[in-house]
Amino acid sequence: MSLITYEDKLFENEQYTGQTVSGKEYENCVFRKCDFTDSRFLNNKFLDCTFESCNLSMTKLSGSTLSRARFNNCKILGVIFSECQEFLFSVEFDACILDYSSFMGMKMMKTRFIKTSLKEVNFTQTNLSGAVFEQSDLLNTLFNRTDLTGANFLTAYNYDIDPELNTMNKSIFPAQGLQGLLTKHQIKIV
């Protein structure tokens, strides 16, 4: 079965709520103010696509490819990105709400999370080496056997990361954020 391909197309104010879409390839497309809530985008390809001010809450992306996908000012609650194709997986988020989503087991080297809410996100066994968490809220985010080599948490906040359970060589943290690395030891830093 060949994919239906869209190139350099703008999708604006489209409503995909509750729909199932499969077998499509989007290359260099822009999705602006689209609602994907509770939709199923199965086995699709998004290559060099940008999502602007979209709602992707509870969207299923099983078998889909996200390669160089950019999300700006999007609401993305409860999305299980670990169901996407791992090959070529590359995303970045700017001013998004990613709460309750999962990237478990994904390879996300150098991923940028800028001014993004990552509350209760699951990064178990994720490779986030070189990732940047700039001004991002990591309240109750799960890092377990996560590769954080060289990751930048300089302006991130509300993180609780156990250095004994994660690889953290050359990671960058601010001095005032040390308590987020020592929580399990119940050390009081004043």
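Report follows, based on the coordinates. Please read these numbers as outputs of a predicted model, since none were measured by experiment. (Residues numbered from 1 in each chain as written. Predicted model: local features only at pLDDT ≥ 70, side-chain atom pairs only at ≥ 80, totals over all residues. Heavy atoms only, no water.)

Observations regarding the nonpolar core
Inference 1: Counting 48 residues, the largest nonpolar core has Phe 31, Phe 71, Phe 81, Phe 133 and Phe 153 as the members making the most contacts within it.
Inference 2: Contributing elements (two or more residues each) for this core: strand E10 (69-72) and strand E11 (91-94).
Inference 3: Apart from residues lying up to four places away in sequence, Phe 153 is in contact with Phe 133, Leu 138, Phe 143, Leu 148, Tyr 159, Ile 161, Ile 172, Phe 173 and Pro 174. (Core = buried A, V, L, I, M, F, W, Y, C linked by side-chain atoms within 4.5 Å. Buried < 20%, exposed > 50% of the residue type's maximum accessible area, 1.4 Å probe, protein only. Helix = DSSP H or I, 4+ residues; strand = E, 2+ residues; numbered from the N terminus. Contact = heavy atoms within 4.5 Å.)

So, the sheet that holds strand E5 (residues 30-32)
Inference 1: Here we have seven strands laid out as an open sheet, ordered E2-E5-E8-E10-E11-E12-E13, and parallel in their pairing. The strands lining the two open edges of the sheet, one partner per strand, are strand E2 (10-12) and strand E13 (132-134). Neighbour to neighbour, the strand axes of the sheet diverge by 10 degrees on average, direction disregarded.
Inference 2: Bridging between strand E12 (residues 112-114) and E13 involves three bridges; their strand directions are parallel. Residue pairing for E13: Ile 114 is matched across the bridge by Glu 134. (Pairing = 2+ DSSP bridges. Axes fitted to C-alpha atoms, helices over the stretch in contact; angles between N-to-C directions.)

Observations concerning the pattern of salt bridges
Inference 1: What the rule picks out here adds up to four salt bridges.
Inference 2: Taking the shortest distance from any N to any O, the salt bridge between Asp 137 and Lys 119 comes out at 3.9 Å. In this pair, Asp 137 sits in the loop between E13 and helix H1 (179-182) while Lys 119 sits in the loop between E12 and E13, placing the two residues 18 residues apart along the sequence.
Inference 3: Overall, the relative accessible area of 30% leaves Lys 119 in the partly exposed class. (Salt bridge = Lys/Arg side-chain N within 4 Å of Asp/Glu carboxyl O.)

On their own, these measurements won't tell you what the molecule is for.
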